[in-house]
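# Survey of secondary and tertiary structure
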Amino acid sequence: MCSTCGCGQPDGAGTRLTVVHDHQHDDEHGHGHDHGHGHGHGHGHGHGHTEELTAPETRTVVLEQEILARNDALAAANRHRLQEHGIAAVNLMSSPGSGKTTVLEHTIRAIGGRRPALVVEGDQETLYDAERIRATGSKVVQINTGAGCHLDARMLASGLTRLEPPDGALVFVENVGNLVCPALFDLGEAARVVIISVTEGADKPAKYPYMFRTADLVLLNKVDLLPYVDFDVDLCLRLIDEVRPGARVLQVSATKGTGMPTWYDWLDAL
């Protein structure tokens, strides 16, 4: 969505989806760029006319609303499709390096015997994370977005078609590592989980409030490293509570297993 997050190029050439879906920006995306940057700046310098500068901004807002509305409609269809078959989709979001894939690896191995667990893996490039998930024995579909910085409802729909999850399954969606744009796009998921690690700044919830504001659960990961890093747990928890009052936060270490059984219980309740 160019006018919102700048992903891809106006004609969609910079965004490639591997395995599942060819992510192409619609004509409206390109028009949003041309209108906002070419037309607006040209008239601004040639005439110095304020109205010419503000009109493209209004058009961009309309385009954003149209694109998000279209995505929301597709997300609603995904949600209905999943609910019909008793499938719960969990959208995992975080910045790069928070430990999403490691959390998934340990989770799948722990709960796989209780409920089928499948994965839609989102990355800009490579199959590395999908290969790690496949090594757990779980079925996985890799979506490569190229220059795109998030998954959307259309991509998930295509992923589900390829994945073919059985009734009653748990589908994890590992979103592209990014604390901004993934929060804007409803996928049709049953729950949103935001992962933050103690190797990041404790002020992340304040810097990226919308991401945490949309979370159903926050996992504070890598707590085994607390003795070795400068991370203020109390500050982080307070900031999360400020943007998402009453939010549930689980302090976990995926590699050591600390707090993970509580996370598994939370998943079982979906």
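Because the structure is predicted, anything quoted here is derived from the model rather than measured.

## A short note on the nonpolar core
Ranked by internal contacts, the top residues of the largest apolar core, which has 27 residues, are Phe172, Val193, Leu219, Trp263 and Leu267. Every element with two or more residues in this core is listed here: strand E1 (88-94), helix H4 (100-111), strand E2 (117-123), helix H5 (128-134), strand E4 (170-174), strand E5 (191-197), strand E6 (217-221) and helix H10 (260-268). A total of 5 residues in this core trace back to one element, the largest contributor, which is H10. In this structure, tryptophan 263 is in contact with Leu92, Val103, Thr107, Phe172, Val193, Leu217, Leu219 and Leu250, ignoring residues within four places of it in sequence. Listed in part, the 18 residues of the second largest apolar core include Leu179, Met211, Val233 and Cys236.

## Remarks on the sheet that holds strand E3 (residues 140-144)
The strands making up a sheet associate through backbone hydrogen bonding, with each pair oriented either parallel or antiparallel. Here we have 7 strands laid out as an open sheet, ordered E3-E2-E4-E1-E5-E6-E7, and parallel in their pairing. Each edge of the open sheet is held by one strand with a lone partner, namely E3 and strand E7 (249-251). Taking each pair of neighbouring strands and ignoring which way they run, the sheet shows an average axis angle of 20 degrees. Across 5 bridges, the pairing between E5 and E6 is parallel. Within E6, the residue paired with isoleucine 196 across the bridge is leucine 220. In the packing of helix H6 (residues 153-163) onto the sheet, contacts are made with E2, E3 and E4, and the angle to E3 comes to roughly 150 degrees.

## Concerning the pairing of E5
Of all 7 residues in E5, 7 are buried, a share of seventy percent or more. Burial along E5 is two-sided: the residues Ala191, Val193, Ile195 and Ser197 and Arg192, Val194 and Ile196 are all buried. In this structure, E1 lies alongside E5, joined through 5 bridges in parallel fashion. When the sheet's bridge partners are listed, asparagine 91 is paired in E5 with arginine 192.

## Remarks on the packing of aromatic side chains
If you walk through the whole model with that rule in mind, you get 1 aromatic pair. Taking 5.8 Å as the distance between ring centres and 15 degrees as the angle between the ring planes, the aromatic pair formed by tryptophan 263 and tryptophan 266 counts as stacked. You can see tryptophan 263 and its partner tryptophan 266 sitting in helix H10, 3 residues apart, about one turn around the helix. Grouping residues by exposure puts tryptophan 263 and tryptophan 266 together as buried.

Analysis parameters
- Residues numbered from 1 in each chain as written.
- Predicted model: local features only at pLDDT ≥ 70, side-chain atom pairs only at ≥ 80, totals over all residues.
- Heavy atoms only, no water.
- Core = buried A, V, L, I, M, F, W, Y, C linked by side-chain atoms within 4.5 Å.
- Buried < 20%, exposed > 50% of the residue type's maximum accessible area, 1.4 Å probe, protein only.
- Helix = DSSP H or I, 4+ residues; strand = E, 2+ residues; numbered from the N terminus.
- Contact = heavy atoms within 4.5 Å.
- Pairing = 2+ DSSP bridges.
- Axes fitted to C-alpha atoms, helices over the stretch in contact; angles between N-to-C directions.
- Phe/Tyr/Trp six-rings, centres within 6.5 Å; stacked < 30°, edge-to-face > 60°.

Distances and angles like these do not, on their own, reveal function.
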